[in-house]
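# Descriptive structure summary
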Amino acid sequence: MSRHSVPGSTPAITAVDLVKTYPGRRGKPPVKALDGLSFGAAAGSVFGLLGPNGAGKSTAVKILSTLSRADSGIAEVAGIDVARHPEKVRASIGFVAQKSVCDPMDTGYENLVLAGRLQGLAGSEAKTRARELLARSALTEAKDRLVKTYSGGMARRLDVAVGLVHRPAVLFLDEPTTGLDPEARADMWDEIESMASAESMTVLLTTHYLDEADRLAAEVAILDGGRILASGSPDELKRELRGDAVIIGVALDADPARARGVLERIPSIWEVSCDARIIRARTDDGAAALPQALAALDAAGVAVASATLARPSLDDVYLRHTGRAYSAADAQEVAA
Ligand SMILES: Nc1ncnc2c1ncn2[C@@H]1O[C@H](COP(=O)(O)OP(=O)(O)OP(=O)(O)O)[C@@H](O)[C@H]1O
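Being a predicted model, the structure only gives us computed values, none of them experimental. Sequence order sets the numbering: in each chain, residues are counted from 1 along the sequence as written. In view of the model being predicted, local features appear only for residues whose pLDDT reaches at least 70, and side-chain atom pairs are presented and counted only at 80 or more, with totals across whole chains, interfaces and linings using the full set of residues. Heavy atoms throughout the structure, all of them, feed into the side-chain values; hydrogens and water do not.

## Here we look at the overall build of the chain
Each helix is a run of DSSP H or I of at least 4 residues and each strand a run of E of at least 2, with the numbering of both proceeding from the N terminus. For the chain, the helix and strand inventory stands at 12 helices and 14 strands. Principal axes of the C-alpha set define a box for the chain whose edges measure 75 × 45 × 45 Å. Only protein chains enter the calculation, and the probe is 1.4 Å; a residue is then buried if its accessible area is under 20% of its type maximum, exposed if over 50%, and partly exposed in between. Burial analysis of the chain (336 residues in total) assigns 49% to the buried set. Of the charged side chains in the chain, 39 are positive and 44 negative, and the gap between their average positions amounts to 5 Å. When charges are counted, Lys and Arg contribute as positive and Asp and Glu as negative, whereas His and the chain ends are disregarded. The atoms used to mark charge sites are NZ of Lys, CZ of Arg, CG of Asp and CD of Glu.

As C-alpha cells, then:
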C-alpha cells in the first residue's frame, strides 16, 4: 500500500462532537480547547491531525488515549469507548509523547526489554521483540549504548519503538519530529512509513508541520480553535484549490501592503494575502500571471526579493479555510 492510498473503511478512531474546556488560570477566562471535534481515522492508515500551536491537538490525543476526559461527546478507539473502558483502550494503544519515557542511563536494548516486560511480555518474548524493533529502527549497532549517548533522532526512534513493543492496534504519535534537525526528520518519516506498513496498524500523528502530514498521512484533518476546518486526503484538499500559488517576497526596504495592493488590482490574480514580507496569491495560469505581477510591482516601485510559482500546498488549504497564513497562526500562538 502506498503512503497516500486510502486504507480499509473501518474506523479505528472515532471522535464525535468532543468538547473540552479548561478552567482559566490566574483569573483568566476558561479556555475551550475542543469545541465540537469530530473525525474518523480508517483502520490501517496514517491519519494526520494538524493545526497551529494551541489548536487543540494534544487535548484531542489525551482524550483519545484516556489521559484526559472530554466534557461531552463520544470517542472510540479500536472500537472501544474511551470513557467507559479506558483500561481496554490502554491495552490496545501505544502513545509516544513529546517527552521521552526512556531511561538515559540504560541502553536502548534494556529500555525496550523493560517496556516489553511492563506490557506483560514474558522475558524471552520481550528480548526477541526488543531485537526486532531495534533492527526496524536502525538501532541494532547502538543497542548496547546508554541512551544518553544517542543523537536526538536516535532517541526519538527508540521512543517510537517503545510505543510499539506490545503491538498496539493504534499508535498515537504526538509531534514526532519537533526539535529534530532536517536529516533526523527525514529518517523519522521513513521510520513512521515503514513501521505503519510492517505492523499494519493505525497511526494518529499530530503535527504542526504541514509538509510532514502531506508526506505521511493518507488523510488529514486541519484543526483550528478546537474544531475541524477541513478534512480529506492531502491531494483531495489541494485539488479543491484550482490553479497555481504565486508567492512573492518583497525586499526589506519595500512596503508589503503596497505590494499587496498592486497584486489585488491584477484581474487574473485573486486571494491575495500578506504575511510579514511574503505575499501569496492564486491564479489560473501562473506562467502568464507571474511576469504580469512582477511588471506591475516594478512599475509601482516595489522591489522584489523572490518570486515563486507553486502547486497548491496544505499551507494554501489552511489559508483558504481560515483566511490567515499558517505560519502566522503558528507564530502567533507561540508568542501568545
Ligand atoms: N491544562 C490546561 N489548562 C488550561 N489551558 C490549557 C491546558 N492545556 C491546554 N490548554 C489550552 O488549550 C488550548 C489547546 O491546547 P492544546 O495543547 O490541546 O493545543 P495543541 O494544538 O496541542 O498545541 P501544541 O502544539 O502547542 O501542543 C490552548 O489554548 C492551550 O493554551
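## Some thoughts on the pattern of salt bridges
What makes a salt bridge here is a side-chain nitrogen of Lys or Arg within 4 Å of a carboxyl oxygen of Asp or Glu, nothing more. Counted according to the given criterion, the structure contains 17 salt bridges. With a shortest N-O distance of 3.4 Å, Lys32 and Asp35 are connected by a salt bridge. Judged by relative accessible area, which is 47%, Lys32 ranks as partly exposed. We note a salt bridge from Lys57 to Glu175, for which the minimum N-O separation is 3.8 Å.

## Quick notes on the environment of Ala91
Here Ala91 shows up in helix 2 (residues 86-92). Look at Ala91 and you get exposed, because its relative accessible area is 54%. Sequence-wise, Ala91 and Arg117 are 26 residues apart; in three dimensions their C-alpha atoms are separated by 14 Å.

## Focus: the UniProt feature "domain: ABC transporter" (unreviewed entry) in the chain
UniProt positions are given in the numbering used here, feature names are shortened, and annotations may be inferred rather than shown by experiment. UniProt feature "domain: ABC transporter" (unreviewed entry): in the numbering of this structure it lies at residues 13-250. Between the first and last C-alpha atoms of residues 13-250 the distance is 44 Å; the span itself is 35% helix and 29% strand.

## Details of the packing of helix 9 (residues 256-264) against helix 10 (residues 286-299)
A pair of packed helices is captured by two measures, namely the crossing angle of their axes and the spacing between those axes. Where helices are involved, their axes are fitted lines through C-alpha atoms of the stretch in contact, as for all axes, and angles between N-to-C directions lie from 0 to 180°. Put simply, helix 9 and helix 10 touch, their axes get as near as 10 Å, and they point 130 degrees apart. Here helix 9 is positioned oblique relative to helix 10, judged by the angle of their axes. Seen along the crossing, helix 9 lies across helix 10 with a hand that is right-handed. Here Ala259, Val262 and Leu263 of helix 9 come into contact with helix 10, specifically with Ala293, Ala296 and Leu297. Ten residues, namely Ala, Val, Leu, Ile, Met, Phe, Trp, Tyr, Cys and Pro, are considered nonpolar, four, namely Asp, Glu, Lys and Arg, are considered charged, and the remaining ones, Gly among them, are considered polar. A breakdown of the residues in the contact of helix 9 with helix 10 according to their chemical character gives 6 nonpolar, no polar and no charged. Orientation is classified from the angle alone, with under 35 degrees giving roughly parallel, over 145 giving roughly antiparallel, 65 to 115 giving roughly perpendicular, and any other angle giving oblique. Should the near helix be turned counterclockwise from the far one by less than a right angle, the crossing is left-handed, whereas a clockwise turn marks it as right-handed. In what follows, a contact means two residues having at least one pair of non-hydrogen atoms within 4.5 Å.

## What to know about the pairing of strand 7 (residues 170-174)
Among the 5 residues that make up strand 7, 5 are buried, leaving the element largely enclosed by the rest of the structure. Burial of strand 7 is two-sided: the residues Val170, Phe172 and Asp174 facing one way and the residues Leu171 and Leu173 facing the other way are all buried. At least two bridges found by DSSP between two strands are what make those strands a pair. Pairing geometry for strand 6 (residues 93-96) and strand 7, over 4 bridges, is parallel. Counterpart to Phe95 in the pairing with strand 7 is Phe172. Here strand 7 pairs with strand 8 (residues 202-207) via 5 bridges, running parallel. Bridging from a neighbouring strand, Val170 pairs with Thr202 of strand 8.

## Describing the domain arrangement of the chain
Domain extents, as shown, originate in an automatic or database domain assignment. Split by domain assignment, the chain resolves into domain 1 (11-232) and domain 2 (242-311). The gap between the C-alpha centroids of domain 1 and domain 2 is 39 Å.

## A short note on the site of the ligand
Around the ligand lies a shell of 13 residues, among which Gly54, Gly56, Lys57, Ser58 and Thr59 are the nearest. Contacts to the ligand include Lys57, whose side-chain N or O atom sits 2.9 Å from an oxygen atom. Backbone polar atom of Ser58 to an oxygen atom of the ligand: 2.7 Å apart, as the coordinates give it. Expressed as a share of its isolated accessible area of 630 Å², the protein-covered part of the ligand is 72%. The set of elements that each furnish at least two residues to the shell around the ligand consists of strand 2 (31-42) and helix 1 (57-64). Whether a residue is near a molecule or strand depends on its heavy atoms: if one lies within 4 Å, it is near. Whenever a nitrogen or oxygen atom comes within 3.5 Å of another N or O atom, the pair is scored as a polar contact, on the condition that within protein one atom can donate a hydrogen and the other can accept it, and that pairs from neighbouring residues in sequence are kept only if both atoms are in side chains. Using the Shrake-Rupley algorithm and a 1.4 Å probe, accessible areas are obtained, with residue cover drawn only from the displayed protein chains.

## Let's talk about helix 5 (residues 152-164)
Under the 1.5 Å per step criterion, the end-to-end length of helix 5 is 19 Å for 13 residues, consistent within 8% with the ideal 18 Å. Most of helix 5 sits inside the fold, with 11 of its 13 residues counted as buried. Residues of helix 5 that are buried: Gly153, Met154, Arg156, Arg157, Leu158, Asp159, Val160, Ala161, Val162, Gly163 and Leu164. On its buried face, helix 5 is in contact with strand 6, helix 3 (108-118), helix 4 (123-136), strand 7 and helix 6 (182-198). In this scheme, a helix's expected span is set at 1.5 Å multiplied by one less than its residue total.

## Examining the sheet that holds strand 13 (residues 278-283)
Read from one edge to the other, the open sheet built from 4 strands follows the order 12-13-11-14, with strand pairing classed as antiparallel. In this open sheet, the two edge strands, each paired with only one partner strand, are strand 12 (269-275) and strand 14 (304-310). Sheet twist, expressed as the mean angle between neighbouring strand axes with direction ignored, is 15 degrees. The pairing of strand 12 with strand 13 spans 5 bridges and is classified as antiparallel. Within the sheet, the bridge partner assigned to Trp270 lies in strand 13 and is Arg282.

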